[in-house]
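Breakdown of the fold
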Amino acid sequence: MNTKIKNIVNAVVFCVAVFGFALLCLVLPKPEFLDSERRPAAAFPTLSLESIMKDGLEYGDSFMKQFDDKYTPDNFPFRDFFRNLKSFVNTNVFNKSDKDGVYVVDGVAAEMQEQIREDQIAHAADRLTFIYEKYLKDKGIKPYMAIIPDKGYFLSEANGYLSMDYDEFIAEMLASVEFMEYINIKDSLEVGDFYASDTHWRQEQIVKIAEILVNGMGGKYDSKFEKKELDVDFYGVYAGRAPKPLDAETIYYLTNGNLENVKVIDWENGGKEISLYDMEKAHGKDAYDMFLSGELSKVTIENPNAKTDRELVVFRDSYGRSLLPLMVEDYAKITIIDIRYQIPQILLMGVNFENADVLFLYSTLILNNSSELK
Amino acid sequence: MLFSSISFLFYFLPAIILLYYIVPFKLKNTVLLAFSLFFYAWGGVKYAGLMIIAIILGYIFGLLIEKFREKKIAKLFVGLAVACIISFMLYFKYMDFFIDNFNKVLGTEIPLLKIVLPIGISFYTFQIISYVVDVYRGEKAQKNPINLAAYVAMFPQLIAGPIVRYHDVALQLEHREHSFEMFSAGARRFVIGLAKKVLIANSMYDLSEIMYAAEEKTVLMYWIYAISVALYIYFDFSGYSDMAIGLGKVFGFHFLENFNYPFISKSATEFWRRWHMSLGSWFRDYLYIPLGGNRVSKGRHIINIFAVWLFTGFWHGASWNFILWGVFFGVLLLIEKFWLLKALNKSVVLSRFYILLAALLSFVVFQIPTLTEAFSYIGGMFGAGGIAFSSAETLYHLKSYAVLLVMALVGATPVVKTLASKFSESKKLGKIANVLEPIMIVVLFFVVTAFLVDSSSNPFLYFRF
């Protein structure tokens, strides 16, 4: 090719790329939801005199900034292809190890937790101690504590990623809540017990954890379940953040005759009866929300066919939602409290601690970033 | 609007290219001006009016200066024009800085005005000044206000330079040619600049931010911070200049080069002949020489040099770290001029080591807004505070960014350019190069688009300029 032809080809190639995508930007339909990123696509920003006159510190809310930073990237044609191309270049050309702290090993995504955050441990301990001293201490109740390691515990150090010392983290946490009796579930978990694209564990893999906890609190676990498959492609929280594309996963859930007859009450929304497994949410934006209908601050599960008349009060984060249904056969009533969304004084109104086991079930992700605990 | 945005690449750019090439030549500057004003207003509508007022003042003063060029009053008009135009910049860019320091020195509590800095004010102010001074020096005044406004507001160089002097484009505003050769060269230069900004500069910025945010710093971290900041500023700034020069060619203009591999310099004097050349030559021609340059007493000469560098630093932002940055180079240049340059010429290794170290330290001061923190970082580079040399965290991030760092370091030297030139000049390989070039443009363009579509950081270096 001579230089003259090259110049023509250069100009044509550049124009085809610029004009071609410009045309596609204009004519292709805009997505409402970005499936692989589990979030809605940015809508066309409000066009008004007020929104175009914003400047200075308010410029971030202006029509122009919203159009530049939100609308045009979210609605760009073949967005997923370009996101995968970026991942490919970052991983295979630039040889970058992670993307904003998220990495992928053998198709499993995890996030680096490289530092033990003493202030966060102290805050978590302060909140848990408050509950103990106000509601449990005088009643002579010794609560239990179980700590769920995030996937970094299994993957980080072994694969050259930054990792905190999880044993030291748990030791520090327990030392600051000495009134608790620790039940070790960490050593019974493995990376395959978790979704590859999500932070959470798989319900079908954690019957063993339910057994350890029930037995650890003095019960005798012997529940059996039937495994059912959900007919949706599940992309976890890391799907939109991982440096490599992640495959869709299948969600399985466990049930049996007893589980189908429990009464589940959502106290956050006025005592409304809900399902143990919410099939509407299973087909929504985050299929993991099928377990106990997502992030509700106070839920009770009553089981008229339980093996005992004992009750369980659980303070938990989102991991508890898929685990606790597996424990309902051992308790007549389970009260599930999430203090990330409401203060405990309100959530614990009317909660009966007599004849109850009390369990604090938290992941290292929450305990090391505990400022949201109220 | 940023060049490195979807909005620019796939909405603004195709629209202006289409309209620009459809209209007859006499309307091309009007199209350029209209789109340039839209481009500018996109970053803040209110201050487009300020720029238009500055252009009108420049236009009127230009005509007056030409009309009375042979008379003493012309000098008064030049002074008035410069004072008016500079006063805008003084007010919008520096007023809060002056009030803040006035309060600190005198213990007063004059409230800050909290003025929003109009983007690009430093660039268009200098271009209008160059216009009126060039007219005073004999250049023809621009009779067509559209042409003058198109020169000042021309979007390729409006918000990040290079500072285009009126003298250099006066003829092109009225007569310029468009060809596949120009368009092709412009498109290639634009895409290369875009890749420098999006792939290299943004990555170096991310690395510097990781180092900055690390809780347990090490000596190696401070050095990585300094190197990544220097590379970020260089690739961002030179990438923007490449994009501006490339877009200029697409629209038929030849802008002068702005960067010439400054990190291969052997002295601060040479560094500034290679770094932001349009700013250096502007200060030389419109401040240093009018002050008397070197044709004055030694003492006055030193004052002239010092003044130029004080203002060079201050031009970059209303903050003491920029002033110190400029003064630092001023002092280095004076030392070189009167003593060090001869010694540096004796050893290439020593001279390169010297200027690289000086540049790294200077960019730490440039990037970190408070002097206390900047000095603490410089101290950290030399182990102050007994910190560890390295850590697992440092090595992890160094490994993660190793390829990008090597690419940036190599790209900051003329190695790639020299190889590419040899490749294309060869009879046999030249034909292969001609085939590879359009492929390279497409691949880079797609990769850059991918990084913009899934952008996590796209810093804008010039918001303080």
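Residues numbered from 1 in each chain as written. Chains lettered and ligands numbered in written order. Predicted model: local features only at pLDDT ≥ 70, side-chain atom pairs only at ≥ 80, totals over all residues. Heavy atoms only, no water.

Assigned secondary structure in chain A consists of 12 helices and 14 strands. When its C-alpha atoms are laid out on the principal axes, chain A stretches across 90 × 45 × 45 Å. Residues counted as buried form 56% of the 374 residues belonging to chain A. Nonlocal contacts in chain A, meaning residues at least 24 apart in sequence, comprise 73% of its contacts between residues at least 6 apart. Total accessible area on chain A is roughly 16200 Å²; 50% of this is exposed by carbon and sulfur atoms. (Helix = DSSP H or I, 4+ residues; strand = E, 2+ residues; numbered from the N terminus. Buried < 20%, exposed > 50% of the residue type's maximum accessible area, 1.4 Å probe, protein only. Contact = heavy atoms within 4.5 Å. Areas by Shrake-Rupley, 256 points an atom, 1.4 Å probe, with all protein chains shown as cover.)

All names here are of chain A. A grouping of Leu 23, Leu 26, Val 27, Leu 28, Phe 78 and Phe 81 is seen on the molecular surface, where their side chains present a nonpolar patch of about 620 Å² in accessible area. It is helix H1 (residues 3-27) that contributes the most residues to the nonpolar patch, 3 residues altogether. Secondary-structure assignment places Val 27 in helix H1. Here Val 27 falls in the exposed class, since its relative accessible area comes to 56%. (Patch = residues over 30% accessible without salt bridge, like charges linked within 9 Å, V, L, I, M, F, W, Y side chains within 5 Å. Salt bridge = Lys/Arg side-chain N within 4 Å of Asp/Glu carboxyl O.)

The side chains of a regular strand alternate, residue by residue, between the two faces of the sheet. All names here are of chain A. Here strand E14 (residues 356-363) lies mainly inside the structure; 8 of its 8 residues are buried. Neither face of E14 is left uncovered, since the one carrying Ala 356, Val 358, Phe 360 and Tyr 362 and the one carrying Asp 357, Leu 359, Leu 361 and Ser 363 both have all their residues buried. Relative to E14, strand E5 (residues 144-148) runs parallel, the two sharing 5 bridges. Bridge assignment links Met 145 to a residue of E14, and that residue is Phe 360. The pairing of strand E12 (residues 311-316) with E14 spans 6 bridges and is parallel. Bridged to Val 313 within E14 is Val 358. (Pairing = 2+ DSSP bridges.)

This part is about empty space enclosed by the protein. Applying the stated criterion to the full structure yields 1 cavity of 30 Å³ or more. Put simply, the largest cavity is a space of about 30 Å³. Taken together, Cys25(A), Lys30(A), Tyr71(A), Thr72(A), Asn75(A), Phe76(A) and Tyr11(B) make up the lining of the largest cavity. By residue class, the composition of the lining of the largest cavity is 4 nonpolar, 2 polar and 1 charged. (1 Å grid on protein atoms, 1.4 Å probe; cavity = no way out; pocket = protein on both sides within 12 Å on 5 of 7 lines; lining within 4 Å. Points joined across faces, edges and corners; volume = space filled by probe spheres on them. Nonpolar A, V, L, I, M, F, W, Y, C, P; charged D, E, K, R; others polar.)

Further remarks concern the nonpolar core. Among the nonpolar cores identified, the biggest contains 179 residues, and Phe14(A), Phe8(B), Tyr124(B), Phe155(B), Phe190(B), Trp275(B) and Phe363(B) are the most heavily contacted of them. Among the elements that line this core, the one with the most residues is helix H10 (residues 219-250) of chain B, at 19 residues. With sequence-adjacent residues up to four places away left out, Phe363(B) is seen in contact with Val229(B), Ala230(B), Ile233(B), Phe263(B), Phe271(B), Trp275(B) and Trp325(B). Tyr195(A), Ala210(A), Leu213(A) and Leu361(A) belong to the second largest nonpolar core, which has 52 residues in total. (Core = buried A, V, L, I, M, F, W, Y, C linked by side-chain atoms within 4.5 Å.)

Moving on to the layout of surface pockets. Taking a probe equal in size to a water molecule and rolling it over the atoms shows the remaining empty space. All names here are of chain B. In this model, the second largest pocket occupies a volume close to 1600 Å³. Lining of the second largest pocket is provided by 46 residues; of these, Ile 192, Val 416, Lys 417, Ala 420 and Met 440 occupy positions nearest its centre. Broken down by class, the residue content of the lining of the second largest pocket amounts to 24 nonpolar, 12 polar and 10 charged.

In many reports, interface size means the accessible area that the parts give up when they come together. Residue and element names in this part refer to chain B. In terms of domain boundaries, chain B breaks down into domain 1 (6-176) and domain 2 (182-266 + 345-464). Relative to domain 2, the C-alpha centre of domain 1 lies at a distance of 29 Å. With 27 residues of domain 1 in contact, the opposing surface of domain 2 contributes 25 residues. A combined buried area of about 2200 Å² lies between domain 1 and domain 2, and 80% of that area is made up of carbon and sulfur atoms. Our count for the contact surface shared by domain 1 and domain 2 stands at 0 salt bridges. Seen at the junction of domain 1 and domain 2, the total is 4 residue pairs in polar contact (both at pLDDT 80 or more). The set of elements that each furnish at least two residues to the side of domain 1 that touches domain 2 consists of helix H1 (6-22), helix H7 (155-158) and helix H8 (166-174). The element contributing the most residues to the side of domain 1 that touches domain 2 is H1, with 9 residues. The residue inventory of the side of domain 1 that touches domain 2, partitioned by class, reads 21 nonpolar, 3 polar and 3 charged. (Domains from an automatic or database assignment. Buried area = accessible area lost by both parts, 1.4 Å probe. Polar contact = N/O pair within 3.5 Å; in protein donor to acceptor, adjacent residues only side chain to side chain.)

All right, on to the side chain of Asn147(B) then. Residue and element names in this part refer to chain B. Among the structural elements, Asn 147 can be located in helix H6 (residues 145-153). For Asn 147, a relative accessible area of 8% translates into the label buried. Setting aside anything within four residues of it in sequence, one finds Asn 147 in contact with Asn 29, Gln 142, Leu 173 and Glu 174.

This brings us to the interface of chain A and chain B. On the chain B side, the residues contacting the 54 residues of chain A number 56 residues. For the chain A and chain B pair, buried surface summed over both sides reaches about 5000 Å², with 69% attributable to carbon and sulfur atoms. Joining chain A to chain B, the criterion identifies 3 salt bridges. The tally of links between chain A and chain B comes to 13 residue pairs in polar contact (both at pLDDT 80 or more). Mapped by element, the contributors of at least two residues to the side of chain A that touches chain B are H1, helix H2 (49-53), helix H3 (63-74) and helix H4 (79-93) of chain A. Among the elements that make up the side of chain A that touches chain B, the one with the highest residue count is H1(A) (17 residues).

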